[in-house]
Amino acid sequence: MSEQARRRPHKPYRRPQKDPVRMLAFEALRAVDERDAYANLVLPPLLKKAREGGNFDGRDAALATELVYGTLRRQGTYDAIIAACIDRPLREVDPPVLDVLALGAHQLLGTRIPTHAAVSASVELARVVLGDGRAKFVNAVLRKISQQDLDAWVAQVAPPYDKDPEDHLAVVHSHPRWVVSALWDSLGGGRAGIEDLLDADNERPEVTLVARPGRSTTEELAEATETLPGRWSPFAVRMAEGGEPGAIEAVKDGRAGVQDEGSQLVAIALANAPVEGSDTRWLDGCAGPGGKAALLAALAAERGAFLLASEKQPHRARLVERALAGNPGPYQVIAADGTRPPWRPGSFDRVLMDVPCSGLGALRRRPEARWRRRPEDLDGFAPLQRALLTEALSAVRVGGVVGYATCSPHLAETRVVVDDVLKKVGGAELIDARPLLPGVPAIGDGPDIQLWPHLHGTDAMYLALLRRTA
């Protein structure tokens, strides 16, 4: 060792500093990855705990939320960029390291955080959660990523559209290829429409409230907080940026709730469908967690009708009970399997079956679902969806109406199911649902209805209405 090296003072070791915002975001991403949790369920308690601990304000909460949801929405694009910056397959990088890299990539490419701050904050996070050795790897990769903006990176890592349109869209818009293909098949049309849809999936959805009729009004909600009118539902208002639904008295009391406008429209269409004869007994056969059941119960109460809300899972049935508590009209909540129901055939005038599905229509709200779902999952849902619709048609009397709904536009979960059941069961017919949603444009060629995020600002809800004829 040279004399100069011996005389050079050792640089003291500096302990890494914990950034509460990025630590929280990392913790949420790890929960999503390790426990298959959903960000919309994981994040609120983490934010609440951070606020209660002090030194965590509204701006911190907003940044943490953006980091989590932005990273999850753009995960596919960021993975492709990270893969281009390392010398090993992405699958050989430990998942916690990938989470730190993706958080850093989002700060560099998807926010206005300055480059130096994004890199240094990410490296500091890596030192805390990964150790100094792997923090050097994170630093090297993020410095490579920082050399180009998002558009330049996408141009480099995405295959040309004219050679592989679906793979190009998958990388550019951060969706699995099979999801791009399925959505494009359902939507139809050319490139512009599918790009608009995929873009809408990557936007943060508005918080929409429902004023349950007879219990609250849109005027009451507008007085309680800053809102915009609903686009389509007469019971909807849209909350202004940064509003807190839980602070509104009507929401606390259960007289109003948080509910996407697409879900409201499904309940409204079923409630307004013409039935022949009596209209006193309604059924929600897949009622959990209770949003549609609460709206149906309020609409039924105005007509003096009874609602039976059935949910297979007992813990979800308890959520339905909570949602319906205080409803002025007659109702009952039970825990029962809709494929082996306790009620007699022909017992109801109206039946809603909002069946379990892939959830591809709600990717704005649950961005991680796009990476969690697989094409083969649809094979698992298919028998259940057919069984539930078959039992719904058995439950309704002749002249009554069944609503088959999914929060998925995938043809295998929508029209294919309805067509198969109609062929098998007989004694039922599709009725045109479109006139029941006057003023709502571009809902399809009928007789069923398909809503879209980019056209309606709603989840991609599907509804078919069927009348029992024999």
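This text goes with the structure placed above it.
A short tour of the structure in this document, coming up. Here the structure is a predicted model, which is why all the values come from computation and not from measurement. Counting restarts for each chain: residues are numbered from 1 in the order of the written sequence. Given that this is a predicted model, residues contribute local features only at a pLDDT of at least 70 and side-chain atom pairs are listed and counted only at 80 or more, while totals for whole chains, interfaces and linings are drawn from all residues. The basis for every side-chain value is the complete set of heavy atoms in the structure, and neither hydrogens nor water enter the calculation.

**Things to note about the packing of aromatic side chains**
Stacked, edge-to-face and tilted labels apply to pairs of Phe, Tyr and Trp rings (six-membered ring for Trp) whose centres lie within 6.5 Å, assigned for plane angles under 30 degrees, over 60, and everything in between, in that order. With the rule as written, the count across this model stands at two aromatic pairs. Aromatic side chains W343 and F348 sit 6.0 Å apart centroid to centroid with 85 degrees between the ring planes, which places their arrangement in the edge-to-face category. The buried label goes to any residue with under 20% of its type's maximum accessible area, the exposed label to any with over 50%, and the partly exposed label to all in between, with areas taken from a 1.4 Å probe on protein chains only. For F348, a relative accessible area of 0% corresponds to the buried category. Working rule: Lys NZ or Arg CZ, within 6 Å of ring centre, within 35 degrees of ring normal, means a charge sits over the ring. If you follow R88 out to its NZ or CZ, it ends over the ring of F137, 4.7 Å from the centre. Over the ring of Y38 we find R372; its NZ or CZ atom is 4.8 Å from the centre of that ring.

**Here's the deal with the pairing of strand β12 (residues 462–468)**
Across the seven residues of β12, seven count as buried, placing the element largely inside the fold. Segments assigned H or I by DSSP are reported as helices when at least four residues long, segments assigned E as strands when at least two residues long, and all are numbered from the N terminus. In β12, alternate side chains face the same way, and those of Y462, A464, L466 and R468 on one face and L463, L465 and R467 on the other are all buried. Across six bridges, strand β9 (residues 396–406) lies against β12 in antiparallel orientation. Bridged to G403 within β12 is L465. DSSP calls a pair of strands paired once it identifies at least 2 bridges connecting them. Bridge count between strand β10 (residues 428–431) and β12: four bridges; the pairing is antiparallel. Directly across from E429, in β12, lies its bridge partner R467. In terms of strand pairing, strand β11 (residues 449–450) meets β12 through two bridges, oriented antiparallel.

**Considering the environment of W371**
By secondary structure assignment, the location of W371 is in helix α18 (residues 369–372). Separated by 108 residues in sequence, W371 and S263 have C-alpha atoms that sit 24 Å apart. Those residues in contact with W371, other than ones at most four positions away along the chain, are L72, R73, Q75, G76, S174, H175 and P176. Whenever two N or O atoms come within 3.5 Å, that pair is a polar contact, provided that in protein one can donate a hydrogen and the other can accept it, and provided that, for residues adjacent in sequence, both atoms are side-chain atoms. Engagement of the side chain of W371 in a polar contact is seen with the backbone oxygen of L72, the distance being 3.1 Å. We call two residues in contact whenever any of their non-hydrogen atoms come within 4.5 Å of each other.

**Focus: the nonpolar core**
Only buried residues count toward a nonpolar core. Its members are Ala, Val, Leu, Ile, Met, Phe, Trp, Tyr and Cys residues joined through side-chain atoms within 4.5 Å. L24, F56, V68, V138 and I145 are the most contacted members of the largest nonpolar core, which totals 54 residues. The contact partners of L24, leaving out residues within four places of it in the chain, are L43, L46, L47, A50, F56 and A64.

**A closer look at the pattern of salt bridges**
Just to be clear on terms, a salt bridge is a Lys or Arg side-chain nitrogen sitting within 4 Å of an Asp or Glu carboxyl oxygen. The full count for this structure, using the stated rule, is 34 salt bridges. The shortest N-O distance in the salt bridge between E206 and R238 comes to 3.2 Å. Highlighted residues: E206 in the loop between α12 (191–201) and β1 (208–211) and R238 in strand β3 (residues 236–239), separated in sequence by 32 residues. Through salt bridges with shared partners, a single ionic network connects R30, D33, E34 and D99.

**Quick notes on helix α16 (residues 291–303)**
Multiplying 1.5 Å by the residue count of a helix minus one yields the expected span of that helix. Between its first and last C-alpha, α16 extends 19 Å over 13 residues, near the 18 Å set by a 1.5 Å rise per residue. Within the sequence span of α16, burial applies to K292, A293, A294, L295, L296, A297, A298, L299 and A300. If you follow the buried residues of α16, they end up packed against β1, α15 (261–272), β5 (281–284), β6 (306–311), α17 (314–324) and β8 (348–354). With its phi angle positive at about 75 degrees, G304 sits one or two positions after the end of α16.

**Here we look at the side chain of H168**
Structurally, H168 is set in helix α10 (residues 165–173). A relative accessible area of 14% means that H168 is categorised as buried.

**Points about the sheet that holds β3**
Taken together, four strands build an open sheet; the order of strands is β2-β3-β1-β4 and the sheet is antiparallel. Each edge of the sheet is formed by a strand with only one pairing partner; in this case those strands are β2 (227–229) and β4 (256–258). Each neighbouring strand pair of the sheet contributes to a mean axis angle of 30 degrees, computed without reference to strand direction. By the bridge criterion, three bridges tie β2 to β3 in an arrangement that is antiparallel. Interaxial angle, 0 to 180 degrees, is taken between N-to-C directions of lines fitted to C-alpha atoms, where a helix line uses only the stretch in contact.

**Observations regarding the state of the cysteines**
Put simply, a disulfide is two cysteine sulfurs that come within 2.5 Å. Across all of its chains, the model carries zero disulfides by this definition. Left without a disulfide partner, C286 is nearest to the cysteine sulfur of C357, which lies 10 Å away. You can see C357 has no disulfide; the closest cysteine sulfur is in C407, sitting 5.7 Å from it. For C357, a relative accessible area of 13% translates into the label buried.

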